[in-house]
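# An overview of the molecular structure
Okay, here's what each chain looks like letter by letter:
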Amino acid sequence: MNPIKSPVPASVTETISEWHIELQAPWGRAALVAGLVCAALILVLAVIGLWRERRSVRRWTLLGLRVGATAMALLLFLQPAVVFQDVTRVPNHVAVLVDASESMGLAEQAGAPSRLARASALLARSSGVIEGWRKEHRVDFYTFGNELAPATEQGLAHASGPEARSPSTRLREALAELRMRYEGRDLGGVVVLSDGIDNGRLGATSTAAKTPKTEALDADSQDFLRALGVPVHTLWAGSAGLRDVTLVRVLADDFAFARNVVKVEVVIRVSGAAEAGWTGRTLPITLSRDGAPVASSSIVIDPEQPEQKVSFEFTPDRVGKYIYHVAAPVLEGEAISDNNSRTFLLKVIRDKIRALLVAGRPSWDERFLRGLLKHDPNVDLISFFILRTPTDIDTAPEEMSLIPFPTEELFLEQLRSFDVVFLQNFNFGPYGIAPYLGELKRYVEEGGGLVMLGGDLSFSLGGYPHTPVADVLPVELIDDALPDRLVSLETFRPQLTPEAKGHPIMALRPGVRENQQLWDSLPPLEGCNLVLRARPGATVLLNHPFLRTSDGQPLPILAGSDMGKGRALALMSDSSWRWGFGAADRLAEDARGRAYQRFWENAIRWLIKDPELGLLRVEAEQPEYARGEEVRAVVRVREADYRPARGAKVALTLSKSGGGQVLERTLTTDDQGQATVELGKLPSGGYRLTAKRAAGGGLLAMNQDEDVFLVRGAGIEAEQPEARPEVLRAVAEATQGSFREVEAGMAGMSFLPPRVVKVSQFHDVELWSTWLSLLAAVACFSAEWWLRRRWGLS
């Protein structure tokens, strides 16, 4: 039988005294019921027997004695006792959770208090209510966002309040962690102050629900909330009337093909347009790459169509990783400015290597090179090799005539669509190309690859001294009108320089010794163009065995250099085709026959900066970082024979997209040729990492690599900044809590009462085992018997 307890005092102390009555009879439940039935039957029979007695005094006197006697009999039968005990009450906990995510730092209108400021003001003016809770509960304070963190009432209620830094809100996860913190202890209730934006598992709630209900949460979330077993009271810190322009998302692929059209779609949402007076305004949207405009579009603001989409189409012309930026202007009265722009990465890869071959006249060298490029499935070749000048008279039939050289189309419209340009024994003078040589120079400096091959119409013989093209060649040209000083007709076998022994262009076979033997076995070259010297910063890969430059150095035959973002290669001979003899014997593994093909394949890969040929690689550990996240980068260095470069010194530069160097460091690689650098927490934006290592002298031999990465700006909550009360309302309904706005205050919230957790001592007083109880029972029975006899009643 459940004990009958005394009332619970209003004020909870650590230890209190209380009493209750319990029955100590050893009888079972059936015997107790039978005893009570017998007592009731005795009383009923007594009433029936005395009902005919006309004298009320006698009737009620005898009935009272019968009730007293029966009560005394029940007292002896039930054996009741009063139990006195001292108990310990431990107050349970009420947890107050304040949302400290980034969205809580927003205000619906410029100049209005932020959502977090409204929550802090509520706590400040509710100090009396909270103090009342402490009479029965212990009140704990927390902030939550990505994770739950302890806080203090003073810190949360202060005018400055906590900082809204967390990039996301995860209410369900915070409640789960809260439940774990109080495992084994009592949690009497939870109070949540938030704007309702949730990016966690509760985020599946439909934000479009017109009449938010508990069903807005999925079944799993409802089960979780009910399993908490405590009321969760929610207070909405947001308000209506947000005025903002948001670039919600950018729909773009992670990669694209060079020289293929790329489509990027941007979703823009405009909130509070009518209230802000923006209706009908044209909002321009711009797309830029590394600070340079790429495309633009616009929308007309319409309150009836708050979310609109714009599309951009552009054609990337170069391979690499690029940072693109989409932005809309900040309008007057906007609550948030950080979400008016979005940045994304696009990796541009090759579909095919696009090559342009321009030859001055047909030759064996032109035939071999054009055939090699034409039959390579990875190369898309455009070639011009039989030319006529604009002054030539067209006397042949139309179907037999030669087309004029398409100067403007090639060097203005299509030049940057090529990965590599070959100038093979080509003199530009007769074709009106001189005004366009500056474009060819810019093409190289902006990332293109240029190859100039020798012949009687090339280098100085082709009129290139003092032209813009001469500025990007890896050799300095002789300015002399005498042809015999510009060319040598002697046969020679070129010699590999020390820098060439590990260079990827010259790697015809694996292994330094085997590669040297193959070069020594190749057929000699016939004649070469004379140059003044190698340009400072260039790397010479092949030298003439006996000819010297004016400064006494061996005459360079093959040299290359980095020029701006591009590369240039110069071969001072038109007889490299001789290295292709025996190409038909490939099935017989004739290494000499494959040398010509391997040489030009290596040269093209080097010119287009194939990453696989790089001896130095730098890479950020992640392509994108959250704001406030630590940024790390890894540098890997290999020697010329591709062994890990131990102890290599690398200069690392970090710059922000659009200009501005952030830091510069010198790294030293470990035994595996790697070095990791901590770049710290960086402001939002796009960044470029540049790593360089001097190896062997000259820009060509300098290892260099780049990588780009992003630090995200506006967080995920800024993509949809509207405060949403429906999530908080659904949470409160699922837990039998209350939902209200912060202006309604915190009074009237109910929580689970504290529990008795320990009985320290007790004693009982048996009401039935006293002489007074026995005397009262005997007196009642005796008095009734005596009066019945005297009054003549049976």
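Quick caveat, the model's predicted, so the values are computed rather than measured.

### Some words on the overall build of the protein
- Scanning the protein from terminus to terminus reveals 15 helices and 38 strands.
- A burial count over the protein gives 47% of its 794 residues as buried.
- Taking the contacts inside the protein whose residues are at least 6 apart along the sequence as the reference set, 73% of them involve residues at least 24 apart.

### Considerations on a nonpolar patch on the surface
- A surface patch of nonpolar side chains, amounting to about 390 Å² of accessible area, comprises Leu 41, Val 44, Leu 45 and Ile 48.
- With respect to the helices, strands and loops of the structure, Ile 48 is situated in helix α1 (residues 29-50).
- Classification of Ile 48 by relative accessible area gives exposed; the value is 55%.

### Focus: the packing of helix α6 (residues 171-181) against helix α7 (residues 219-227)
- In the contact formed by α6 and α7, the axes pass within 11 Å of each other and the chain directions differ by 30°. Comparing the axis directions of α6 and α7 gives the class roughly parallel. Considering the relative orientation of α6 and α7, their crossing is left-handed. Residues Arg 172, Leu 175 and Ala 176 of α6 pack against Asp 220, Ser 221, Phe 224 and Leu 225 of α7.

### Regarding the packing of aromatic side chains
- Scanning all chains against the criterion turns up 16 aromatic pairs.
- With a centroid separation of 5.1 Å and 80° between ring planes, the pair formed by Trp 133 and Phe 751 is classed as edge-to-face. Pair noted here: Trp 133 is in helix α4 (residues 127-133) and Phe 751 is in the loop between β37 (739-741) and β38 (755-766), with a separation of 618 residues, a long-range link.
- Judged by its relative accessible area of 8%, Trp 133 is buried.
- Taking the centre distance of 5.7 Å and the plane angle of 45° together, the rings of Phe 368 and Trp 577 count as tilted. Here the residue Phe 368 occupies a position in helix α9 (residues 364-374), and Trp 577 occupies one in the loop between β28 (566-571) and α13 (591-607), the gap between them amounting to 209 residues.
- For Trp 577, a relative accessible area of 14% puts it in the buried group.

### Thoughts on helix α2 (residues 56-78)
- Given a rise of 1.5 Å per residue, 23 residues ought to cover 33 Å, and the 32 Å separating the end C-alpha atoms of α2 matches this to within 8%.
- All buried positions along α2 are accounted for by Arg 58, Arg 59, Leu 62, Leu 63, Leu 65, Arg 66, Gly 68, Ala 69, Thr 70, Leu 75 and Leu 78.
- Backbone geometry just after α2 places Gln 79 at a positive phi near 55°.

### Describing the nonpolar core
- With 79 residues, the main nonpolar core has Phe 422 and Trp 600 as its most contacted residues.
- A per-element tally of this core places α13 first, with 8 residues.
- Trp 600 has contacts with Leu 369, Leu 372, Phe 422, Val 451, Leu 453, Leu 571 and Ser 576, leaving out every residue within four places of it along the chain.
- Core analysis: the next-biggest nonpolar cluster, separate from the first, contains 29 residues, Ala 258, Val 266, Phe 314 and Leu 346 among them.

### Quick word on the confidence of the model for the protein
- Residues of the protein with pLDDT of at least 70 account for 86%, and the chain-wide mean is 82.
- Looking across the protein, the model is least confident in strand β1 (residues 4-5), with a mean pLDDT of 36, and most confident in strand β20 (residues 449-453), with 95.
- Counted against residues more than four places away or in other chains, residues 1-13, with its pLDDT under 50, gives 19 contacts.
- In this model residues 205-214 is a low-confidence stretch, pLDDT under 50, and it forms 16 contacts with partners more than four residues away in sequence or in other chains.

### Examining the sheet that holds strand β11 (residues 262-271)
- Spatially, β9-β11-β14 is the arrangement adopted by the 3 strands of the open sheet, whose pairing is antiparallel. Among the strands making up the open sheet, the edge pair consists of β9 (244-251) and β14 (307-314). Each adjacent strand pair in this sheet contributes to an overall mean axis angle of 25°, direction not counted.
- By the bridge criterion, 8 bridges tie β11 to β14 in an arrangement that is antiparallel. Within β14, the position partnered with Val 264 by the bridge is Phe 312.

### Looking at the pattern of salt bridges
- A full pass over the atoms with the stated rule returns 29 salt bridges.
- Between Glu 131 and Arg 134 there is a salt bridge, with its nearest N and O atoms 3.1 Å apart.
- Glu 131 gets classed as partly exposed once you look at its relative accessible area, which sits at 46%.
- Residue classification places Arg 134 among the partly exposed positions, given a relative accessible area of 33%.
- Note that Arg 416 and Glu 439 form a salt bridge whose closest N and O atoms lie 3.3 Å from each other. In this pair, Arg 416 sits in the loop between α10 (407-413) and β19 (420-424) while Glu 439 sits in helix α11 (residues 437-445), placing the two residues 23 residues apart along the sequence.
- Residues joined in a network through salt bridges with shared partners are Arg 416, Glu 439, Arg 442 and Glu 446.

### What about the environment of Val 444?
- Structurally, the position occupied by Val 444 is in helix α11.
- C-alpha separation for the pair Val 444 and Gly 566, spaced 122 residues apart in sequence, amounts to 4.9 Å.
- Setting aside chain neighbours within four positions, we find Val 444 in contact with Leu 450, Val 472, Met 563, Lys 565, Gly 566 and Arg 567.

### As for the sheet that holds strand β8 (residues 232-236)
- An order of β6-β5-β4-β7-β8-β37 is seen for the 6 strands of this open sheet, with the pairing classed as mixed. This sheet does not close on itself; its edge strands, each paired only once, are β6 (148-151) and β37. Pairs of neighbouring strands in the sheet enclose a mean axial angle of 25°, with direction left out of account.
- Across 4 bridges, the pairing between strand β5 (residues 137-144) and β6 is antiparallel. The partner of Thr 143 across the bridge, within β6, is Ala 149.
- Each of β4 (92-99), β5, β7 (187-194) and β8 touches helix α3 (residues 115-125); the most contacted strand, β4, lies at about 150° to it.
- Strands in contact with helix α14 (residues 725-734) are β7, β8 and β37; relative to β8, the strand with the most contacts, it is inclined by about 160°.

### Quick look at the pairing of strand β26 (residues 539-548)
- Most of β26 is tucked away, with 7 of its 10 residues classed as buried.
- Judged from the 2 bridges that link them, strand β23 (residues 495-496) and β26 form a sheet pairing that is antiparallel. Residue pairing across strands places Leu 496 opposite Leu 542, the latter belonging to β26.
- Note: β26 against strand β27 (residues 554-563), 5 bridges, orientation antiparallel. Bridge pairing links Val 540 to Ala 559 in β27.
- From the end of β26 to the start of β27, which pair antiparallel, there are 5 residues, and Gly 552 there has a positive phi angle of about 85°.

### Some remarks on helix α12 (residues 512-521)
- Of all the positions in α12, only Asn 515, Leu 518 and Trp 519 are classed as buried. In a view along the axis of α12, the buried residues occupy a sector of 100°, so they form one face of it.

### What to know about the environment of Phe 428
- On the secondary structure map, Phe 428 appears in the loop between β19 and α11.
- Residue Phe 428 is classed as buried on the basis of its relative accessible area, which comes to 8%.
- When residues no more than four places from it in sequence are discounted, the contact partners of Phe 428 are Ile 433, Ala 434, Leu 437, Gly 462, Gly 463, Tyr 464 and Thr 467.

### What about unusual backbone geometry?
- At Asn 425, a position not held by glycine, the phi torsion is positive, near 50°.
- Here Asn 425 shows up in the loop between β19 and α11.
- Positive phi, normally seen in glycine, also occurs at His 466, with a value near 70°.
- Mapped onto the fold, His 466 is located in the loop between β20 and β21 (475-476).

Reading the values: the criteria
Residues numbered from 1 in each chain as written. Predicted model: local features only at pLDDT ≥ 70, side-chain atom pairs only at ≥ 80, totals over all residues. Heavy atoms only, no water. Helix = DSSP H or I, 4+ residues; strand = E, 2+ residues; numbered from the N terminus. Buried < 20%, exposed > 50% of the residue type's maximum accessible area, 1.4 Å probe, protein only. Contact = heavy atoms within 4.5 Å. Patch = residues over 30% accessible without salt bridge, like charges linked within 9 Å, V, L, I, M, F, W, Y side chains within 5 Å. Areas by Shrake-Rupley, 256 points an atom, 1.4 Å probe, with all protein chains shown as cover. Salt bridge = Lys/Arg side-chain N within 4 Å of Asp/Glu carboxyl O. Axes fitted to C-alpha atoms, helices over the stretch in contact; angles between N-to-C directions. Parallel < 35°, antiparallel > 145°, perpendicular 65-115°, else oblique. Left-handed = near helix turned anticlockwise from the far one by under 90°. Phe/Tyr/Trp six-rings, centres within 6.5 Å; stacked < 30°, edge-to-face > 60°. Expected span 1.5 Å × (residues − 1). Core = buried A, V, L, I, M, F, W, Y, C linked by side-chain atoms within 4.5 Å. pLDDT = per-residue confidence, 0-100. Pairing = 2+ DSSP bridges. Arc of directions from axis to C-beta.

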